[in-house]
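Coordinate inspection notes
If you want the building blocks of each chain, they are given just below.
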Amino acid sequence: MRILVTGGAGFIGSHLIDRLMAEGHEVLCLDNFYTGHKRNILKWLDNPYFELIRHDITEPIRLEADQIYHLACPASPIHYQFNPVKTVKTNVMGTLNMLGLAKRVKARFLLASTSEVYGDPEVHPQTEEYRGSVNPIGIRSCYDEGKRIAETLAFDYHRQNDVDIRVARIFNTYGPRMLENDGRVVSNLIVQALKGIPLTVYGDGSQTRSFCYVSDLVEGLMRLMNGDYIGPVNLGNQDEYTISQLATEVQKLINPHAEVKYEPLPQDDPRRRRPDITKARQLLGWEPKVPLQEGLQLTVADFQSRIQSSVQPSPL
Ligand code: NAD
Ligand code: UDP
Ligand code: UDP
């Protein structure tokens, strides 16, 4: 199959491309390199079945594809808040363009939506039926409301134009290839511990998240794309940790004596988050397999090798 991956040079997109290429598909990667990087897809650049297109999805583009995984959008709060208007454009105009493309070429279209559509949830754990508690005017809204309208667009193209859609609500995902300056908690804590600087915990560290290893997430996305259920479906790990517990896990792995520094909790930071994955289990036969400790080890090893190579003198 010919498969388009928007945001394919990013963290999740590049792992997805590795799987699609290994399965023998022809892959088109579309990315504007805002938070993505060529090194994530370097190994495929000479492959005749791989094509890289530097393009901003807020502009229309005509391509041919059988399936579209639509992942293009910065995912870390510091990156999506850097230019919030652009984040809204990417979610609204970008998703509209990709749905227009899916309609024209009759491709199946999977939207990478997010647990952020639930906002700061009053229901715990979150099921797909829960409609969410999102602040429409806060600093996270460009992303949260952007993804909510992206879901609306997907369902309207489905009802109005018969576009074959799939909607995944992805919960916090981590793993190798996250940017060193990504700003999300797993990469921040690991990079800080490796560099010997204090681990930053925002607030009192009692807020919770559930962390899914990237290979598990990619498996879930592919099952959703190739199954019959259109969604929305939660994809995430059900093991819930406080941020303080996560910091302790990172300390255990890298440096038990690493100092913890408390910083103010950002505005609208959700208090608790854990997916109910009953639907994914029943309809996709999917559940995460990689426990946090194992996934963290793999992630630490990746950061370690990147940080080491960045301090080595470069060969002449
Ligand atoms: P990422 O920032 O690593 O990847 C996003 C990619 O999209 C980058 O390569 C970036 O350059 C590209 N991009 C951004 N704006 C673009 C534009 N206008 N045109 C073309 N390309 C553009 O993030 P990620 O963690 O890999 O997330 C991928 C997708 O999954 C995103 O849609 C995100 O919202 C969603 N998601 C991720 C998580 C998570 O925990 N990682 C959780 C929920 C949802
Ligand atoms: N679009 C695109 N590539 C395509 C087809 C459409 O980028 O191959 C864009 C198109 O420019 C438009 C959006 O997708 O901005 C929605 O397309 P649709 O055909 O649904 O709407 P219309 O063009 O009629 O407004
Ligand atoms: N967080 C933290 N230290 C950091 C970065 C984030 O304590 O260095 C907290 C953040 O306030 C939030 C949780 O960790 O409560 C997860 O943050 P992240 O940005 O990874 O994801 P999101 O808030 O989008 O779920």
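The shown structure was predicted, so the numbers you read here are calculated from the model rather than taken from an experiment.

What follows concerns the overall build of the protein chain. Along its length, the protein chain carries nine helices and 13 strands. Principal axes of the C-alpha set define a box for the protein chain whose edges measure 55 × 55 × 40 Å. Every one of the 316 residues in the protein chain was classed for burial, and the buried ones make up 45%.

Looking now at the nonpolar core. Formed by 77 residues in total, the largest nonpolar core has its most connected members in Ile68, Phe109 and Ala168. Ignoring sequence-local partners within four residues, the contact set of Ile68 consists of Leu4, Met98, Leu101, Ala102, Ala107, Phe109 and Leu110.

Once that is clear, we can look at the sheet that holds strand β1 (residues 2-6). Strand order in the open sheet made by the seven strands is β3-β2-β1-β4-β5-β6-β11, with parallel pairing throughout. A strand with exactly one partner marks an edge of an open sheet, and here the two such strands are β3 (50-54) and β11 (233-235). For this sheet, the mean inter-axis angle between neighbouring strands, taken without regard to orientation, is 20°. As judged from the six bridges shared by strand β5 (residues 108-114) and strand β6 (residues 165-170), these two strands associate in the parallel manner. Bridge pairing links Thr114 to Ile170 in β6. Those strands touched by helix α3 (residues 84-105) are β1, β4 (67-70) and β5, and its axis lies near 170° from that of β4.

For a regular strand, the rule is simple: side chains alternate between the two faces of the sheet. Residue alternation in β4 divides its side chains into two sets, Gln67 and Tyr69 and Ile68 and His70, and both sets are buried. Where β1 and β4 come together, four bridges link them in parallel fashion. In the strand pairing of β4, Ile3 is matched with Gln67. Across four bridges, the pairing between β4 and β5 is parallel. Paired with Gln67 across the two strands is Arg108, which belongs to β5.

Let's shift gears to the site of ligand 1. Every one of the 27 residues lining ligand 1 counts as a neighbour, but Gly7, Gly10, Phe11, Thr35 and Gly36 are closest to it. Where the shell around ligand 1 is concerned, the elements lending two or more residues are α1 (11-22), α3 and β5. If you tally residues by element for the shell around ligand 1, the top one is α1, at three residues.

Once that is clear, we can look at the UniProt feature "domain: NAD(P)-binding" (unreviewed entry) in the protein chain. UniProt records the feature "domain: NAD(P)-binding" (unreviewed entry) for residues 4-297 in the present numbering. This span, residues 4-297, is 37% helix and 18% strand, and a straight line between its end C-alpha atoms measures 31 Å.

A word on the site of ligand 3. The full set close to ligand 3 counts 14 residues, and Arg184, Val185, Asn188, Thr200 and Tyr202 are the nearest of them. Where the shell around ligand 3 is concerned, the elements lending two or more residues are α5 (185-195) and β8 (199-202). In terms of residue count, the dominant contributor to the shell around ligand 3 is β8 (three residues). A per-class count over the shell around ligand 3 returns seven nonpolar, four polar and three charged.

With that out of the way, let us pick up α3. With 22 residues, α3 should reach 32 Å at 1.5 Å per residue; the first-to-last C-alpha distance of 31 Å fits that figure. The largest bend in α3 amounts to roughly 25° and is located at Thr90. For α3, the complete set of buried residues consists of Thr87, Thr90, Asn91, Gly94, Thr95, Met98, Leu99, Leu101 and Ala102. On its buried face, α3 sits against β1, β4, α2 (77-82), β5 and α4 (141-161). Following α3 by one or two positions, Lys106 adopts a phi angle in the positive range, close to 60°.

A few words now on α4. Between its first and last C-alpha, α4 extends 28 Å over 21 residues, near the 30 Å set by a 1.5 Å rise per residue. Of all the residues in α4, the buried ones are Cys142, Tyr143, Asp144, Glu145, Gly146, Lys147, Arg148, Ala150, Glu151, Leu153, Ala154 and Tyr157. Buried residues along α4 sit against α2, α3, β5 and β6. Asp162, located one to two residues past α4, shows a positive phi value of around 60°.

Before going further, it helps to examine the packing of α5 against helix α7 (residues 243-254). As a packed pair, α5 and α7 sit with axes 10 Å apart at the nearest point and diverge in direction by 35°. Crossing geometry of α5 relative to α7 is assigned as right-handed. In this structure, α5 uses Val185, Leu189, Ile190, Ala193 and Leu194 to contact α7, whose residues at the interface are Ile243, Leu246, Ala247, Val250, Gln251 and Ile254. The class makeup of the residues in the contact of α5 with α7 is 10 nonpolar, one polar and no charged.

This next bit is on unusual backbone geometry. Residue Pro125 follows His124 across a cis peptide bond; omega there is -10°. Here Pro125 is to be found in the loop between β5 and α4. A cis geometry characterises the amide bond from Gly231 onward to Pro232, with omega recorded as 5°. Examined against the element boundaries, Pro232 turns out to sit in the loop between α6 (214-226) and β11. A positive phi angle is found at Phe33, which is not glycine, with a value near 60°. Structurally, the position occupied by Phe33 is in the loop between β2 (26-31) and β3. Judged by the 11 C-beta atoms lying within 10 Å of it, Phe33 falls in the exposed class.

Calculation rules
Residues numbered from 1 in each chain as written. Chains lettered and ligands numbered in written order. Predicted model: local features only at pLDDT ≥ 70, side-chain atom pairs only at ≥ 80, totals over all residues. Helix = DSSP H or I, 4+ residues; strand = E, 2+ residues; numbered from the N terminus. Buried ≥ 20, exposed ≤ 12 C-beta atoms within 10 Å, placed from the backbone. Core = buried A, V, L, I, M, F, W, Y, C linked by C-beta atoms within 7 Å. Contact = placed C-beta atoms within 7 Å. Pairing = 2+ DSSP bridges. Axes fitted to C-alpha atoms, helices over the stretch in contact; angles between N-to-C directions. Near = placed C-beta within 6 Å. UniProt positions renumbered as here; feature names shortened; annotations may be inferred. Nonpolar A, V, L, I, M, F, W, Y, C, P; charged D, E, K, R; others polar. Expected span 1.5 Å × (residues − 1). Bend = angle between axes of the 7 residues up to and from the residue. Left-handed = near helix turned anticlockwise from the far one by under 90°.

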